[in-house]
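Descriptive analysis of the structure
As a plain string of letters, each chain reads:
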Amino acid sequence: WITEMPPQCGIGMNITNEPPYTVQMLHEGKPAHRSGMIRPGDVIEAIGGRSTAEMKIPDITKLILGDQGTEVALRLRRSGQMVSTWLLRSPAKLTPIEVNRQRALQRNREAQMEAQAAEERARAPPVTVSNQ
């Protein structure tokens, strides 16, 4: 008997390879993106209640991947605030074309955010310093 192992499912995001494990990109339409709770730049503090501080990438991968439809709990740090969320794993494998599309979307989002920040800086009143 030859049986196939069910494909491992994830939550659809890329993270850095070394601690602090930081979200780099969300895959559009996948659980991490659909949740609206995870953003690029978030630091993964814990997975399934286990601290990621001393983990290596294989440990992180083991905890994030699992059977389709099962839950994974994440605790994230964003700008000093803690955010907790639960996601259902789903098939997250992207084709090379989808990977390129996701990267292009991420670059566009980053450019839009930078342009918005530049506009806000330009609208801010000038700061004056007094010697009094």
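As the structure is a computational prediction, the values presented were derived from the model and not from experiment. Note that residues are indexed from 1 along each chain, following the sequence as it is written. Residue-level local features of this predicted model are given only where pLDDT is at least 70; pairs of side-chain atoms are given and counted only at 80 or more, and the full residue set underlies all totals for whole chains, interfaces and linings. Heavy atoms from the whole structure form the basis of all side-chain values; hydrogens and water molecules are not counted.

1. Re the overall build of the protein
Secondary structure assignment for the protein yields 3 helices and 6 strands. Ordering the α and β elements of the protein from the N terminus gives β-β-α-β-β-α-β-β-α. Each residue is assigned to one of three classes by its accessible area relative to the maximum for its type, calculated with a 1.4 Å probe on protein chains only: buried under 20%, partly exposed between the two thresholds, exposed over 50%. By the burial criterion, 30% of the 132 residues in the protein qualify as buried. Residue pairs at least 24 apart in sequence account for 52% of intrachain contacts in the protein once pairs closer than 6 positions are excluded. A run of DSSP states H or I qualifies as a helix once it reaches four residues; a run of E qualifies as a strand once it reaches two. Both are numbered from the N-terminal end. Note on contacts: a residue pair is in contact if any heavy atoms of the two residues lie within 4.5 Å.

2. Focus on the confidence of the model for the protein
Averaged over every residue, the pLDDT of the protein is 84; the share at 70 or more is 79%. When pLDDT is averaged over each element of the protein, strand β3 (residues 43-47) comes out on top at 98 and helix α3 (residues 96-123) at the bottom at 74. Confidence of the predictor at the level of single residues is captured by pLDDT, which takes values from 0 to 100.

3. Some points on the sheet that holds strand β5 (residues 71-78)
Spatially, 4 strands are ordered β4-β3-β5-β6 in an open sheet, and the strand pairing comes out antiparallel. One side of each edge strand has no neighbouring strand; the edge strands of this open sheet are β4 (50-51) and β6 (81-88). Only the stretch in contact is used when a helix axis is fitted, and all axes are lines through C-alpha atoms; the angle between N-to-C directions ranges over 0 to 180 degrees. Strand contacts of helix α2 (residues 57-64): β3, β4 and β5, with the helix running at about 65° to β3, the strand carrying the most contacts. Paired strands, as defined in this entry, are two strands with at least two bridges between them according to DSSP.

4. Some words on the side chain of arginine 89
Position of arginine 89 relative to the elements: it lies in the loop between β6 and α3. In this structure arginine 89 is buried but unpaired, with aspartate 67 as the nearest side chain of opposite charge at 7.6 Å. For arginine 89, the side chain forms a polar contact with the main-chain oxygen of leucine 63, separated by 2.8 Å. Neither His nor the chain ends is counted toward charge; the positive residues are Lys and Arg and the negative residues Asp and Glu. Salt bridge, as applied in this entry: a Lys or Arg side-chain nitrogen positioned within 4 Å of an Asp or Glu carboxyl oxygen. Residues adjacent in sequence count toward polar contacts only when both atoms are side-chain atoms; beyond that, a polar contact is any pair of N or O atoms within 3.5 Å, and within protein one must be able to donate a hydrogen and the other to accept it.

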